[in-house]
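Take a look at the letters that make up each chain.
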Amino acid sequence: MEKAIVLGCSAIGAGLAMIAGLGPGIGEGYAVGKTIESIARQPEAQGDCTRTMFIGVAMAESTGIYSLIIALVLLFANPLIKKL
Amino acid sequence: MDGPKVVFTIPIFGGLDITETVVIGWFVILIVLLVSLYLTSGLRKIPNTKHQILAEMLVGFVNNTVKKAMGERFMYFAPYIAALLLYSLLGSLVSLLGLRSVTADLNTTVAMALVTFVLITYFKIKTNGMWGYIKSFGSPIVLLAPLNIISEIATPLSMSFRMFGNIAGGSIITSLLYMALGAASKALHLSFTFGSFRLDAVQLFTPAVLSIYFDLFTGCIQAYIFAMLTMVNVSMAADKS
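Residues numbered from 1 in each chain as written. Chains lettered and ligands numbered in written order. Predicted model: local features only at pLDDT ≥ 70, side-chain atom pairs only at ≥ 80, totals over all residues. Heavy atoms only, no water.

## A few points about the overall build of chain A
Within chain A one finds three helices and zero strands. In sequence order, the secondary structure elements of chain A are arranged as α-α-α. A compact globule built from 84 residues would reach a C-alpha radius of gyration of about 12 Å, whereas chain A, at 19 Å, exceeds it by more than 25%. Its C-alpha atoms put chain A at 65 × 15 × 10 Å along the principal axes. Counting only residues that meet the buried cut, chain A has 29% of its 84 residues in that class. Distance between charge centres in chain A, computed from 6 positive and 6 negative side chains, equals 11 Å. (Helix = DSSP H or I, 4+ residues; strand = E, 2+ residues; numbered from the N terminus. Rg over C-alpha atoms; globule rule 2.2 N^0.38 Å. Buried < 20%, exposed > 50% of the residue type's maximum accessible area, 1.4 Å probe, protein only. Lys, Arg positive; Asp, Glu negative; His and termini not counted. Charge placed at Lys NZ, Arg CZ, Asp CG, Glu CD.)

## Overview of the interface of chain B and chain A
Opposite the 16 residues of chain B that make contact, chain A presents 14 residues. Summed over both partners, the interface of chain B with chain A buries about 1,400 Å², with 76% contributed by carbon and sulfur atoms. Linking chain B to chain A there are zero salt bridges. When residues in the side of chain B that touches chain A are grouped by element, the largest group, eight residues, is from helix α5 (residues 145–187) of chain B. In terms of residue class, the side of chain B that touches chain A is built from nine nonpolar, five polar and two charged. (Contact = heavy atoms within 4.5 Å. Buried area = accessible area lost by both parts, 1.4 Å probe. Salt bridge = Lys/Arg side-chain N within 4 Å of Asp/Glu carboxyl O. Nonpolar A, V, L, I, M, F, W, Y, C, P; charged D, E, K, R; others polar.)

## A few points about empty space enclosed by the protein
Residues and elements named next belong to chain B. Scanning all chains against the criterion turns up one cavity of 30 Å³ or more. Taken as a whole, the largest cavity spans an internal volume of roughly 30 Å³. As for the largest cavity, its lining consists of Met159, Arg162, Met163, Gln222, Ile225, Phe226 and Leu229. Only α5 and α6 (206–238) provide two or more residues apiece to the lining of the largest cavity. For the lining of the largest cavity, the element with the most residues is α6, which contributes four residues. Across the lining of the largest cavity, the residue classes break down as five nonpolar, one polar and one charged. (1 Å grid on protein atoms, 1.4 Å probe; cavity = no way out; pocket = protein on both sides within 12 Å on 5 of 7 lines; lining within 4 Å. Points joined across faces, edges and corners; volume = space filled by probe spheres on them.)

## A look at the environment of Ala227(B)
Residue and element names in this part refer to chain B. By the secondary structure assignment, Ala227 is in helix α6. Ala227 gets classed as buried once you look at its relative accessible area, which sits at 2%. With 139 residues separating them in the primary sequence, Ala227 and Ser88 have C-alpha atoms 9.1 Å apart. Excluding residues that lie within four positions of it along the chain, Ala227 makes contacts with Ile81, Leu84 and Leu85.

## Digging into the side chain of Thr116(B)
Residues and elements named next belong to chain B. Along the polypeptide, Thr116 turns up in helix α4 (residues 106–136). Given the relative accessible area of 1%, Thr116 is considered buried. At a separation of 3.4 Å, a polar atom in the side chain of Thr116 contacts the side chain of Thr230. In this structure Thr116 touches Tyr80, Met159, Phe226 and Thr230, once residues within four positions along its chain are discounted. (Polar contact = N/O pair within 3.5 Å; in protein donor to acceptor, adjacent residues only side chain to side chain.)

## Quick look at the nonpolar core
Residue and element names in this part refer to chain B. In this structure, Val66, Met70, Phe77, Ile81, Phe123, Phe226 and Val234 are the most contacted members of the largest nonpolar core, which totals 30 residues. The element that contributes the greatest number of residues to this core is α6, accounting for 12 residues. Among all residues touching Phe123, those that are not within four sequence positions of it are Phe74, Tyr76, Phe77, Val234, Ala237 and Ala238. (Core = buried A, V, L, I, M, F, W, Y, C linked by side-chain atoms within 4.5 Å.)

## Considering the environment of Ile221(B)
Note on placement: Ile221(B) falls in helix α6. A C-alpha to C-alpha distance of 35 Å links Ile221(B) and Ser139(B), two positions 82 residues apart in sequence.

## A short note on the pairing of strand β3 (residues 191–194) of chain B
With four bridges connecting them, β3(B) and strand β4 (residues 197–200) of chain B associate as antiparallel partners. Each residue of the ladder has a partner; that of Ser191(B), found in β4(B), is Asp200(B). (Pairing = 2+ DSSP bridges.)

## Details of the confidence of the model for chain B
When pLDDT is averaged along chain B, the result is 85, and 99% of the positions lie at 70 or above. If you check the scores for this complex, the pTM reads 0.84 and the ipTM reads 0.78. (pLDDT = per-residue confidence, 0-100.)

## Notes on the packing of aromatic side chains
This structure, assessed with the given rule, holds 11 aromatic pairs over all chains. Each ring, one from Tyr66(A) and one from Phe161(B), has its centre 6.3 Å from the other, and the planes form 75°; the classification is edge-to-face. Of this pair, Tyr66(A) sits in helix α3 (residues 46–76) while Phe161(B) sits in helix α5, each in a different chain. Taking relative accessible area as the criterion, Tyr66(A) reaches 32% and is therefore assigned partly exposed. The interplanar angle of 75° and the centroid separation of 5.1 Å between the aromatic rings of Tyr213(B) and Phe214(B) together place this pair among those described as edge-to-face. With relative accessibility at 16%, the residue Phe214(B) sits in the buried group. Taken together through their ring pairs, the aromatic side chains of Phe74(B), Tyr76(B), Phe77(B), Tyr80(B), Tyr122(B) and Phe123(B) make up a single cluster. (Phe/Tyr/Trp six-rings, centres within 6.5 Å; stacked < 30°, edge-to-face > 60°.)

Structure below.
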């Protein structure tokens, strides 16, 4: 019974953790939109703009990835089960 | 999804487990070696073979990237960056062959990020001196030292987690899709059994679209971003603070 409660709550927690995907989604969309604007204004700078954008997007992604890691840990390597 | 399977155990230090990741990593290293040997065989001054033109394209790409991101003074980093790019790229792309991605294991990415961390620390000490390096933790005031230490550790941590999270998340989503499609083809009575071999008709072709994104696109982008962040961080560490 205890195990079932812990497992269920871990699944809910994993789902809640992935709400953090909202932030990087908005941020990356904004970054890509701005990059497209600047490429449209100055098409010859496409290479530089795209390269810088990818690094920025990767940086913005880290918070989403952290939440993904927490969700994965809760689902596949649950540390709470061992505490019962 | 389970972790990487243990292939065999070396009986020292109470049993060293050699996992799937390590064995596939050896194959990736072997493939990189063979490809490099093939591409650089029979070099001529004026290239007229296809493989030499391809090799010059690859080397030129890496040289250009290093020159743009780090400047002329770090050109000796190009071989390391090329090795990093090739290993992480092929390590991610082996999932196209149905093998487990080498980079879908936190151990691989942490090892690669630790090398970057050592390089960053080395260049910081080299430019500012040992005392300057220690003093940089107390800037702007000594009270912020814990935060500075955390931000120092966060660089390799975020680099390794980013690569691992992207590749592992992609493979989890793909395997979930396979399971869902298997269940769907059972429900639609499109699942055929030939002896021990089972064919789920819905599983054909559909995952290929997702595979292009999760295996090809993510693998290439993450390899590039990892190499790029290494270059940016190292060249930033070499600037005087």
